[in-house]
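Chain by chain, the residues:
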Amino acid sequence: MRALVLAAAVVVFAASPADAQQTEAELQAAIRAAEADPAPPQLLEAANAARLLRDYDAAHELYEDAWDSSLGLLNDVISNMLLQELASGGGVDGVQRRFREIRAVVSFSPQMLVGHLGNYPSLLVGGEFDEMVLSLSRRHPDPEYRCSCYGVKAWVHRVAGRTDEARIYFDSLAMGQEASTPPGNPDAAAEGRAQLARNLARAGRTADARRVLADAMAMPVSEAALPQVRRRWAQAYAELGDVEGAVEHLEPLLSVPSLITVHTLETRWTWEPVRGHPAFRAMLDRHRTP
């Protein structure tokens, strides 16, 4: 956890203020560099430069941008640490233990928290977060809790075994997806349609899910994006209870570097509808490390 403590304390990998005196031209160059590449280290350096130039308004804005950007980086680190637990065989206990360790170091806002809960429903096992998640609302008096959050609410109910309630929220999530299409990016559009098919299946709208999945699989996808999009196709098939379709698209992903591992297939909730099927178990056995 030492690396996480460091990331939480100084997420942007900030250096201490430089000892060497910088010229005004060098300070202005640092500000321009952040405009060209607004990554956390560049933003922090630009903020420091603006402060040294006594442009405190610009420095304030740049520090805010650096902070917001660093939170995104921290969320990415946390998400991948949780995925590492699942991918390497830690299972539900492992991912929950790791999240407790992270929360002992990082203070999560409700919005940050539900993002991870929605991505990793294994964290919802046991009901620790149910009350907080179900209290979220677009009209909540506290802006930190102001969120429809249909996806994570659906998972709260599904993990607890309340299938009908989960389907209502998945249906609301799908309706929102139907109204939005990623502009100008064919790979993102293909993945978005596959995710829509998956969520329609989760909502119990089987015929709609199959229709959208067929459309999604007919869309052009680049070779680089194919593993990610294929994973979404497999999720949709799994949610439809179509084990043959799921296996067809998972098997290639188990043979190449991808987010799919035997352990994630044994643990993550999206594979639950087909996990017990003999064909699915046989696929896992074929790819187990001797």
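Everything here concerns the structure above.
Residues numbered from 1 in each chain as written. Predicted model: local features only at pLDDT ≥ 70, side-chain atom pairs only at ≥ 80, totals over all residues. Heavy atoms only, no water.

1. Concerning the overall build of the chain
Worth spelling out the cut-off: Going along the chain from the N terminus, every DSSP run of H or I of four or more residues is numbered as a helix, and every run of E of two or more is numbered as a strand. Any residue under 20% of the maximum accessible area for its type is buried, any over 50% is exposed, and the rest in between are partly exposed; the area is computed with a 1.4 Å probe on protein chains only. We call two residues in contact when some of their heavy atoms are within 4.5 Å. Every accessible area reported is derived by Shrake-Rupley at a probe size of 1.4 Å, with residue values counting cover from the shown protein chains alone. The charge count includes Lys and Arg as positive and Asp and Glu as negative, but it does not include His or the ends of the chains. Taken as the charge location is NZ of Lys, CZ of Arg, CG of Asp or CD of Glu.
Scanning the chain from terminus to terminus reveals 15 helices and zero strands. Each principal axis of the C-alpha atoms in the chain carries an extent, and together these give about 70 × 45 × 45 Å. Residues counted as buried form 41% of the 290 residues belonging to the chain. Considering only residue pairs separated by 6 or more positions, the chain has 54% of its internal contacts joining residues 24 or more positions apart. Approximately 15,300 Å² of the chain is accessible, and the part contributed by carbon and sulfur atoms is 52%. Averaging the coordinates of the 29 positive side-chain charges in the chain and doing the same for the 38 negative ones gives two points 7 Å apart.

2. Thoughts on helix H6 (residues 110-119)
The complete set of buried residues in H6 reads Pro110, Met112, Leu113, Val114, His116 and Leu117. Against helix H4 (56-87), helix H5 (91-103), helix H7 (130-135) and helix H8 (150-159) lie the buried residues of H6.

3. Description of the packing of helix H10 (residues 186-202) against helix H11 (residues 206-217)
As a reminder of what qualifies: Here an axis means a line fitted to C-alpha atoms, over the contact stretch when the element is a helix, while the angle between two N-to-C directions is reported on a 0 to 180 degree scale. Under this scheme an angle from 65 to 115 degrees is roughly perpendicular, one under 35 degrees roughly parallel, and one over 145 degrees roughly antiparallel; angles in between are oblique. For any helix crossing, the convention is left-handed if the near helix is rotated counterclockwise from the far helix by under a right angle, and right-handed if that rotation is clockwise. Under the scheme applied here, ten amino acids are nonpolar (Ala, Val, Leu, Ile, Met, Phe, Trp, Tyr, Cys and Pro), four are charged (Asp, Glu, Lys and Arg), and all others, including Gly, are polar.
Packing of H10 against H11 leaves a shortest axis separation of 8 Å and a crossing angle of 165°. When the interaxial angle is binned, H10 and H11 end up roughly antiparallel. Note that H10 runs across H11; the crossing there is left-handed. Contacts between H10 and H11 pair Ala190, Arg193, Ala194, Leu196, Ala197, Leu200 and Ala201 from the former with Asp208, Ala209, Val212, Leu213, Asp215 and Ala216 from the latter. Along the lines of polarity and charge, the residues of the contact of H10 with H11 split into 10 nonpolar, no polar and three charged.

4. Observations concerning the state of the cysteines
Applicable threshold: The rule for a disulfide is simple: a pair of cysteine sulfur atoms within 2.5 Å.
Taken as a whole and assessed by the stated rule, the structure comprises one disulfide. Bridging Cys147 to Cys149, the disulfide has an S-S length of 1.8 Å. Its S-S torsion of about 105° marks the bond between Cys147 and Cys149 as right-handed, since a negative value means left-handed. Residues Cys147 and Cys149 agree in their burial class; the two are buried.

5. Overview of the nonpolar core
As a reminder of what qualifies: Side-chain atoms within 4.5 Å are what join buried Ala, Val, Leu, Ile, Met, Phe, Trp, Tyr and Cys residues into a set we call a nonpolar core.
Counting 33 residues, the largest nonpolar core has Leu213, Leu250, Ile260, Leu265, Trp271, Phe280 and Met283 as the members making the most contacts within it. For Leu265, the contacting residues outside a window of four places in its chain are Leu250, Leu254, Ile260, Trp271, Arg275, Phe280, Met283 and Leu284.

6. Some words on unusual backbone geometry
We note that Arg54 has phi near 65°; this positive angle belongs to a residue other than glycine. Of note, Arg54 is situated in the loop between helix H3 (40-52) and H4. Even without being a glycine, Cys149 presents a positive backbone phi close to 50°. With respect to the helices and strands, the residue Cys149 is situated in the loop between H7 and H8.

7. A closer look at the environment of Glu165
Among the structural elements, Glu165 can be located in helix H9 (residues 163-178). Judged by its relative accessible area of 34%, Glu165 is partly exposed. Along the primary structure Glu165 and Pro278 are separated by 113 residues, whereas in three dimensions their C-alpha atoms are 29 Å apart.

8. With respect to the side chain of His157
By the secondary structure assignment, His157 is in helix H8. Assessed through its relative accessible area of 9%, His157 is described here as buried. What His157 contacts, discounting residues up to four positions off in sequence, is Leu134, Arg162, Glu165, Ala166 and Tyr169.

9. With respect to the environment of Arg205
Basically, it comes down to this: For this analysis, a polar contact is any N or O atom pair within 3.5 Å, provided that within protein one partner can donate a hydrogen and the other can accept it, and provided that sequence-adjacent residues contribute only side-chain to side-chain pairs.
Following the sequence through the fold, Arg205 ends up in the loop between H10 and H11. Arg205 gets classed as partly exposed once you look at its relative accessible area, which sits at 23%. With 120 residues separating them along the chain, Arg205 and Glu85 place their C-alpha atoms 32 Å apart. Ignoring sequence-local partners within four residues, the contact set of Arg205 consists of Asp171, Met175, Glu178 and Leu200. Among the polar contacts made by the side chain of Arg205, one reaches the side chain of Asp208 at a distance of 3.1 Å.

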